[in-house]
Amino acid sequence: MNPHVTAFERDGGPAPSLAAPILSVRGVGKRYGSNVACRDVTFELWPGEVLAVVGESGAGKTTLLHCISGQLEPDDGEVLFQRRDGSQANLYGIPEPERRRLMRTDWGVIHQNPRDGLRFGVSAGANVGERLMAVGARHYGDIRAAATDWLKRLEVDVARIDDLPQTFSGGMQQRLQIARNLVTQPRLVFMDEPTGGLDVSVQARLLDLLRTLVSELHLAAVLVTHDLAVARLLADRLMVMRGGEAVELGLTDQVLDDPQHPYTQLLVSSVLQI
Amino acid sequence: MTDGYNFAYLDEQTKRMIRRSVLKAVAIPGYQVPFGSREMPLPYGWGTGGIQVTASIIGADDTLKVIDQGADDTTNAVSIRRFFARTTGVRTTTRTEEATIVQTRHRIPETPLREDQIIVFQVPIPEPLRWLEPREAETRRMHAYSDYAVMHVRLYEDVARYGHIATAYDYPVIVNDRYLMRPSPIPKFDNPKMDGCPALMLFGAGREKRIYAVPPYTSVKSLDFEDHPFRIESWTTTCALCGSGESFLDEVITDDKGGRMFVCSDTDYCGRRQASQGKAAE
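Every value quoted in this text rests on a predicted model; they were computed, and no experiment measured them.

A. The arrangement of the nonpolar core in detail. Ranked by internal contacts, the top residues of the largest apolar core, which has 70 residues, are Val128, Trp150, Leu154 and Ile178 of chain A together with Tyr156 and Phe225 of chain B. With sequence-adjacent residues up to four places away left out, Trp150 of chain A is seen in contact with Val128, Ala179, Leu182, Val183, Gln185, Leu213 and Leu217 of chain A. Ranked by size, the runner-up nonpolar core spans 33 residues in total, among them Val28, Leu65, Trp107 and Met241 of chain A.

Below, the structure is given as structure tokens:
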């Protein structure tokens, strides 16, 4: 039996607390001209579960994340999302206004570079409040109170609520970006290298915070990273990508401790030890 | 009327094209309709959009009033009024209630407008989201989906910085509960006059090649927060010339020793109040 299949067969995941997966990705593929960015990726994400996508640069992780988070229409396959009322929405079948509404209510997208996810021209408070205003909040005091509350939860100094994001450090910008996404209480968060570019101590604090939030808010998350340590800390399940394909998918500890696919074995063994 | 030009300067095909855009704009209140803006014999920013709209709707029996910052006697107002007097031969006036068409920059007259009047605005930048979202494709999508949160982000920013909504002119409005619109650079003092106004309001932006409109009796709401409601400007003083406490006042510097006075920006309104006070005194 080839290891590829074995890796998929043992995919169990944590016992699902609800009957249906929050996100079903079926045979998603995307090409740029003759370049295949990702091919035939299939997985399901259950409520409250964190799935890490790991692989080397150019493995198609970010393209996959864009495809499943509604930012880039895939060439093949479909992405199904479970709405709050339990009905299924085909991400690229629903009208664009609904997709945009989902993206700022039920989802969060946390970019690797805070410049992509924040408005740099307006204050921290306005950044956090924007989603609330987008869903109809029209009371300044309430918006500000919510922004203050979320800055506190993300351990950003509340006194800096009126400062522009560019005066913030890298770690604080990243926390601000997370606050901005979580303010509408999303159920699903997409994270692209959330700790990339941060130094290790800041990274550790941020990871700690993320882990707490994910369990407190019962968030489902797809986390793209090339750092296996980040994946181990945050993720319930792990998907390994190479050359645009998912080569292995399983429980994080299982995949990392007992890798089946040769590429996963290589990846795990090339992690530097201190 | 000067010979050698078509009536109202523009050729008939151009006027028809602009009228079609105007009709579409009236049918979709607040929506920016593209049109083929022509070169006009004055620079962009001096009212090319407004002139083209006026030229397309003006007829031989119309009476035209042109104001700039509320005044009938400023350079821009005088030259546009003379332009139409020469190219159409229509009657011109400075009295708001005598005019059938009022072309304006920066103000709506203090005298209430009527059903049989049309007010034409000169618009420098028609897109209300322009400085918030640089991509034209994206702003059109935002209009299509009424996705206007970012405008409230701007108002939030105002309150956070200044403690109140500091936007004083070109104050964003929602027309007919649908489209976000820039009312051209009129002071927010004039925003309430647009709500349910009996006159047709046409907006022309020559450089940006857009026409939009607010039909008579259409709702025009200024954006605000529940706890920071929309408020118009107020002054602690009254007009130094006519004593009006209800009109929009301009601050005029009178000497270099700190002397200043506040006077009505609407010269027609102010002048006639002074005249009637003079009569009453006699």
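B. View of helix 5 (residues 149-162) of chain B. The first and last C-alpha atoms of helix 5 of chain B sit 20 Å apart over 14 residues, in line with the 20 Å expected at 1.5 Å per residue. Within helix 5 of chain B, eleven of the 14 residues are buried, leaving the element largely enclosed by the surrounding structure. When we look at burial in helix 5 of chain B, the residues that qualify are Ala149, Val150, Met151, His152, Val153, Leu155, Tyr156, Glu157, Asp158, Val159 and Ala160 of chain B. In the core, the buried residues of helix 5 of chain B are packed alongside helix 5 (124-134) and helix 6 (140-153) of chain A together with helix 4 (136-144) and strand 7 (179-181) of chain B.

C. Region of interest: the packing of aromatic side chains. Scanning all chains against the criterion turns up 14 aromatic pairs over all chains. With a centroid separation of 5.1 Å and 40° between ring planes, the pair formed by Tyr140 of chain A and Tyr156 of chain B is classed as tilted. Taken as a pair, Tyr140 of chain A in helix 6 and Tyr156 of chain B in helix 5 lie in two separate chains rather than in one. We note that Tyr140 of chain A, like Tyr156 of chain B, is buried. Both rings, one in Phe121 of chain B and one in Phe203 of chain B, keep their centres 4.3 Å apart while their planes meet at 10°; by these two values the pair is stacked. Taken together, the residues Phe121 of chain B in strand 5 (residues 118-122) and Phe203 of chain B in strand 8 (residues 200-205) connect sequence positions 82 residues apart. Each member of the pair, Phe121 of chain B as well as Phe203 of chain B, is classed as buried.

D. View of the environment of Val79 of chain A. Residues and elements named next belong to chain A. Note on placement: Val79 falls in strand 4 (residues 76-82). Between the C-alpha atoms of Val79 and Arg39, which are 40 residues apart in sequence, the distance is 14 Å. With residues up to four places along the chain from it excluded, the contact list for Val79 reads Leu23, Ser24, Val25, Val28, Cys67, Ile68, Ala89, Asn90, Leu91 and Tyr92.

E. Representation of the pairing of strand 5 of chain B within the structure. Residue and element names in this part refer to chain B. Counting buried residues in strand 5 gives four out of five residues, a clear majority hidden from the surface. Here four bridges tie strand 4 (residues 101-105) to strand 5, and the two strands are oriented parallel to one another. Bridge pairing in strand 5 links Ile101 to Ile118. By the bridge criterion, five bridges tie strand 5 to strand 8 in an arrangement that is parallel. Paired with Ile119 across the bridge in strand 8 is Met201.

F. Geometry of the pattern of salt bridges. For the structure on display, the rule yields 44 salt bridges over all chains. Arg210 of chain B serves as the salt-bridge partner of Glu136 of chain B, at 3.6 Å between the closest nitrogen and oxygen. Here Glu136 of chain B is found in helix 4, whereas its partner Arg210 of chain B is found in strand 9 (residues 210-214), with 74 residues between them in sequence. Residue class for Glu136 of chain B comes out partly exposed when judged on its relative accessible area of 27%. When its relative accessible area of 13% is taken as the criterion, Arg210 of chain B is described as buried. Residues Arg260 of chain B and Glu251 of chain B are paired through a salt bridge, measuring 2.7 Å at the closest nitrogen-oxygen approach. Glu251 of chain B gets classed as partly exposed once you look at its relative accessible area, which sits at 41%. Through salt bridges with shared partners, a single network forms among Glu96, Arg100 and Arg104 of chain A together with Glu138, Arg141 and Asp147 of chain B.

G. Inspection of the sheet that holds strand 9 of chain B at higher detail. Residue and element names in this part refer to chain B. Taken in spatial order, the seven strands of this open sheet run 1-9-8-5-4-2-3, and their pairing is mixed. Of all the strands in the sheet, the pair left with one neighbour each is strand 1 (33-34) and strand 3 (91-92). Packed onto the sheet, helix 1 (residues 12-27) meets strand 1, strand 8 and strand 9 and runs at close to 45° relative to strand 9. The strands touched by helix 2 (residues 48-57) within the sheet are strand 2 (63-68), strand 4, strand 5, strand 8 and strand 9, with strand 5 carrying the most contacts at an inclination of about 150°.

H. Layout of the interface of chain A and chain B. On the chain B side, the residues contacting the 22 residues of chain A number 20 residues. Summing the contributions of chain A and of chain B, the shared interface buries around 1800 Å²; its carbon and sulfur component is 58%. Area buried by chain A at its contact with chain B is led by Arg100, Arg138 and Tyr140 of chain A, which between them contribute 38% of it. Across the chain A-chain B interface, the total number found is four salt bridges. Of the charged contacts in the structure, one is a salt bridge between Arg104 of chain A and Asp147 of chain B, with a shortest N-O distance of 2.7 Å. There are twelve residue pairs in polar contact (both at pLDDT 80 or more) connecting chain A and chain B. Elements with a contribution of two residues or more to the side of chain A that touches chain B: helix 3 (96-105), helix 5 and helix 6 of chain A.

I. How the structure looks around the packing of helix 5 of chain A against helix 6 of chain A. Residue and element names in this part refer to chain A. Following both chains from N to C, one finds helix 5 and helix 6 inclined at 120°, their axes separated by 9 Å at the closest point. Here helix 6 runs oblique to helix 5, going by the angle between their axes. You can see that helix 5 and helix 6 cross each other, and the crossing is right-handed. Of the residues in helix 6, those in contact with Gly125, Val128, Gly129, Leu132 and Met133 of helix 5 are Ile143, Ala146, Ala147, Trp150 and Leu151. Across the contact of helix 5 with helix 6, the residue classes tally to eight nonpolar, two polar and no charged.

J. Fine view of the sheet that holds strand 6 (residues 173-175) of chain B. Residue and element names in this part refer to chain B. One open sheet holds the three strands; their spatial order is 7-6-10, and the pairing between them is antiparallel. What marks the edges here is a single partner per strand, and that holds for strand 7 and strand 10 (220-222). Neighbour to neighbour, the strand axes of the sheet diverge by 35° on average, direction disregarded. Note that strand 6 and strand 7 share three bridges and pair antiparallel. Its bridge partner being in strand 7, Ile174 is matched across the sheet by Leu180.

K. Spotlight on the packing of helix 5 of chain A against helix 5 of chain B. Interaxial distance between helix 5 of chain A and helix 5 of chain B falls to 9 Å at its minimum, and their mutual angle equals 140°. Comparing the axis directions of helix 5 of chain A and helix 5 of chain B gives the class oblique. Once helix 5 of chain A is placed against helix 5 of chain B, the crossing between them reads as right-handed. Residues Gly125, Ala126, Glu130, Met133 and Ala134 of chain A of helix 5 of chain A pack against Ala149, His152, Val153, Tyr156 and Glu157 of chain B of helix 5 of chain B. Taken together, the residues of the contact of helix 5 of chain A with helix 5 of chain B break down into six nonpolar, two polar and two charged.

So, how was this worked out
Every residue gets a number counted from 1 within its own chain, in the order that chain's sequence is written. Think of it this way: whatever chain is written first is A, whatever ligand is written first is 1, and the rest follow in order. Given that this is a predicted model, residues contribute local features only at a pLDDT of at least 70 and side-chain atom pairs are listed and counted only at 80 or more, while totals for whole chains, interfaces and linings are drawn from all residues. No hydrogens and no water enter the side-chain calculation; it runs on all heavy atoms of the structure. Working definition of a nonpolar core: buried Ala, Val, Leu, Ile, Met, Phe, Trp, Tyr and Cys residues. They are joined through side-chain atoms within 4.5 Å. Using a 1.4 Å probe on the protein chains alone, a residue whose accessible area is under 20% of its type maximum counts as buried, one over 50% counts as exposed, and one in between counts as partly exposed. The contact criterion used throughout is that any non-hydrogen atoms of two residues lie within 4.5 Å. Secondary structure elements follow DSSP: runs of H or I of four or more residues count as helices, runs of E of two or more count as strands, with numbering from the N terminus. Multiplying 1.5 Å by the residue count of a helix minus one yields the expected span of that helix. Think of it this way: a Phe, Tyr or Trp ring, Trp meaning its six-membered ring, pairs with another when their centres are within 6.5 Å, and the plane angle makes it stacked under 30 degrees, edge-to-face over 60, tilted otherwise. Paired strands, in this sense, are two strands between which DSSP finds at least two bridges. Salt bridges, as used here, are contacts in which a Lys or Arg side-chain nitrogen is within 4 Å of a carboxyl oxygen on Asp or Glu. Comment: axis = line fitted to C-alpha atoms, over the contacting stretch for helices; angle = value between 0 and 180 degrees taken between N-to-C directions. Joining two parts hides part of their accessible area as seen by a 1.4 Å probe, and the buried area is that hidden amount summed over both. Polar contact is defined as a pair of N or O atoms within 3.5 Å, subject to the rule that within protein one atom must be able to donate a hydrogen and the other to accept it, and that residues adjacent in sequence are counted only when both atoms are side-chain atoms. Between 65 and 115 degrees an angle is taken as roughly perpendicular, under 35 as roughly parallel, over 145 as roughly antiparallel, and anywhere else as oblique. A crossing counts as left-handed when the near helix is turned anticlockwise from the far one by less than a right angle, and as right-handed when that turn is clockwise. When residue character is reported, Ala, Val, Leu, Ile, Met, Phe, Trp, Tyr, Cys and Pro are called nonpolar, Asp, Glu, Lys and Arg charged, and the others, Gly included, polar.

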